[in-house]
Amino acid sequence: EAQVTQNPRYLITVTGKKLTVTCSQNMNHEYMSWYRQDPGLGLRQIYYSMNVEVTDKGDVPEGYKVSRKEKRNFPLILESPSPNQTSLYFCASSSRTGVNTGELFFGEGSRLTVL
Amino acid sequence: QKEVEQNSGPLSVPEGAIASLNCTYSDRGSQSFFWYRQYSGKSPELIMFIYSNGDKEDGRFTAQLNKASQYVSLLIRDSQPSDSATYLCAVNKWAGGGADGLTFGKGTHLIIQP
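What counts, and at which threshold
- Residues numbered from 1 in each chain as written.
- Chains lettered and ligands numbered in written order.
- Predicted model: local features only at pLDDT ≥ 70, side-chain atom pairs only at ≥ 80, totals over all residues.
- Heavy atoms only, no water.
- Disulfide = S-S within 2.5 Å.
- Helix = DSSP H or I, 4+ residues; strand = E, 2+ residues; numbered from the N terminus.
- Buried < 20%, exposed > 50% of the residue type's maximum accessible area, 1.4 Å probe, protein only.
- Pairing = 2+ DSSP bridges.
- Salt bridge = Lys/Arg side-chain N within 4 Å of Asp/Glu carboxyl O.
- Phe/Tyr/Trp six-rings, centres within 6.5 Å; stacked < 30°, edge-to-face > 60°.
- Lys NZ or Arg CZ within 6 Å of the ring centre and 35° of its normal.

Enquirer: I'd love a proper account of the state of the cysteines, names of residues and values included.
Expert: Applying the stated criterion across every chain, the model contains two disulfides over all chains. Note on cysteine connectivity: Cys23(A) is disulfide-linked to Cys91(A), with sulfurs 1.9 Å apart. Taking the sign of the torsion about the S-S bond as the criterion, the disulfide between Cys23(A) and Cys91(A), at about -75°, is left-handed. Here Cys23(A), found in strand S3 (residues 19–25), pairs with Cys91(A), found in strand S9 (residues 87–94); they are 68 residues apart in sequence, far enough to count as distant. One exposure class covers both Cys23(A) and Cys91(A), and it is buried. Here Cys23(B) pairs with Cys89(B) through a disulfide, and the sulfurs are 2.1 Å apart. Judged by the torsion about the S-S bond (-75°), the Cys23(B)/Cys89(B) disulfide is left-handed. Taken together, the positions of Cys23(B) in strand S3 (residues 19–25) and Cys89(B) in strand S9 (residues 85–92) put the pair 66 residues apart, joining distant regions of the chain.

Enquirer: Before we move on, could you go through the pairing of strand S1 (residues 4–7) of chain A and cite the residues and values that matter?
Expert: On a regular strand, one side chain projects to one face of the sheet and the next to the other, so that they alternate. Residues and elements named next belong to chain A. Of the two faces of S1, the one holding Val4 and Gln6 is buried and the one holding Thr5 and Asn7 is not buried anywhere. In the sheet, S1 pairs with S3 via four bridges, with the strands oriented antiparallel. In the strand pairing of S3, Asn7 is matched with Thr22.

Enquirer: I'd like a rundown of the pattern of salt bridges, residues and numbers included.
Expert: Enumeration over the complete set of coordinates arrives at eight salt bridges over all chains. Glu108(A) is the partner of Arg9(A) in a salt bridge, and the nearest nitrogen-oxygen pair spans 3.4 Å. Remark: Glu108(A) occurs in the loop between strand S10 (105–106) and strand S11 (110–114) and Arg9(A) occurs in the loop between S1 and strand S2 (10–13); sequence separation between them is 99 residues. The partly exposed category is assigned to Arg9(A), whose relative accessible area is 28%. The class of Glu108(A) is exposed, set by a relative accessible area of 53%. Salt-bridge contacts for Asp83(B) lead to Arg60(B); the nearest nitrogen and oxygen are separated by 2.9 Å. In this pair, Asp83(B) is assigned in the loop between strand S8 (71–76) and S9 and Arg60(B) in the loop between strand S6 (54–58) and strand S7 (61–66), connecting sequence segments 23 residues apart. Using a relative accessible area of 1% as the deciding quantity, one classes Asp83(B) as buried. Taken together, the salt bridges that share partners define one network made up of Lys18(A), Lys65(A) and Glu79(A).

Enquirer: Mind laying out the packing of aromatic side chains, listing which residues take part and the relevant values?
Expert: Applying the stated rule across the entire model yields eleven aromatic pairs over all chains. Each ring, one from Tyr36(B) and one from Phe104(B), has its centre 5.5 Å from the other, and the planes form 55°; the classification is tilted. Residue Tyr36(B) is located in strand S4 (residues 32–38), and its partner Phe104(B) is located in strand S10 (residues 102–104); the two are separated by 68 residues in the primary sequence. Residue classification places Tyr36(B) among the buried positions, given a relative accessible area of 0%. The buried category is assigned to Phe104(B), whose relative accessible area is 10%. Three or more aromatic residues joined by ring pairs make a cluster, and in this case those are Tyr35(A), Phe90(A), Phe106(A), Tyr36(B) and Phe104(B). The ring of Phe49(B) has Lys56(B) lying over it, and the distance from NZ or CZ to the ring centre is 3.5 Å. The ring of Phe61(B) is capped by Arg60(B), whose NZ or CZ atom sits 5.5 Å from the centre of that ring.

The following block contains the structure:
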């Protein structure tokens, strides 16, 4: 089954404790991206990757890091989480070839609470 | 600053009626347009895309695009309670080549009243 898998789905942590949210896709997609979604603010892009070893900042990259060492994986790293990073996070992937290359496939989301 | 504007709602529509969702965008060079549906607590899923001016129909859904007016809409005919969700408009500056050109609106919350 084609899917984007995120872990953990739910996490409560404390300020300053480093955490990683993993994302893996099995569709051989070149493009992967992280979004956060907050009430009233919609989906905001954090980082994206066009392919292995190629990453770039989105609209709200502060406080986050990413890496793309393998095509299927795109982890999101919070080195020192703060309460304003409490949010619902989505990983998404997309093909860069074909007809409908703007279609994003989303993971189920990771709800993060930073105390 | 590229922007995609949607009325946040809630938009309340009686069951069986037509729901009309609207979206305007600021980048005149935008090439492709997408509607995603997001149920509460779930991830967005694509329901329609449109590239050319005019209407595109898929079952009960019709997407309408007017590039001159920078306006895209989604019509849902014979609305069902299961259509209650938030609808996200997304605009891509690329006609092809990837989702890196996507900009999302904040979404319209649609409620279908039985």
